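Chain by chain, the residues run as shown.
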Amino acid sequence: MQLSIIITLILIITPVAWATSYPPIVPPVVHEELTTVEAIKFRDAKGTSTPLAIPKSWKLISVSTGEKSSSSNLWFQDADGSIYLLQGLTSQNKFFLNENAYKIPAK
């Protein structure tokens, strides 16, 4: 008698336990902060109107290939943490900097 009650309870409870669903644990929403990239004139980044020269406070952190053949991207970091991208072109064994610089401001 007791065995039949136990078997009956197991047969009733087991499907109910499997059918029970729990809501999935969803991590809280984290809003990403977007960093703006500013296109500025290289002369404006330096604050002068003299011929192009890279400020001594800028440290070269990376060089990557450019979008066009014989072009390169120079990545610099300023003392305040801002990142500057200078694009250049190699022609006749000389490297020419593009007048535009791109700035990623420090947070």
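Residues numbered from 1 in each chain as written. Predicted model: local features only at pLDDT ≥ 70, side-chain atom pairs only at ≥ 80, totals over all residues. Heavy atoms only, no water.

**So, the pairing of strand β3 (residues 71-77)**
On a regular strand, each side chain points to the face opposite its neighbour's, so the side chains alternate between the two faces of the sheet.
Logical step 1: For β3, a buried count of five out of seven residues is recorded, marking the element as mostly surrounded by other parts of the structure.
Logical step 2: Both strand β2 (residues 59-65) and β3 contribute to a ladder of six bridges, which runs antiparallel. In the strand pairing of β3, Leu60 is matched with Phe76.
Logical step 3: In this structure, the hairpin formed by β2 and β3 is closed by a connection of five residues, where Ser70 is found at a positive phi of approximately 65 degrees.
Logical step 4: Bridging between β3 and strand β4 (residues 83-91) involves seven bridges; their strand directions are antiparallel. Pairing of Trp75 across the sheet is with Leu85, part of β4.
Logical step 5: Adjacent in sequence and paired antiparallel, β3 and β4 are bridged by five residues, among which Gly81 carries a positive phi angle near 100 degrees. (Buried < 20%, exposed > 50% of the residue type's maximum accessible area, 1.4 Å probe, protein only. Helix = DSSP H or I, 4+ residues; strand = E, 2+ residues; numbered from the N terminus. Pairing = 2+ DSSP bridges.)

From the geometry alone we can't say anything about function, so treat these as descriptive.
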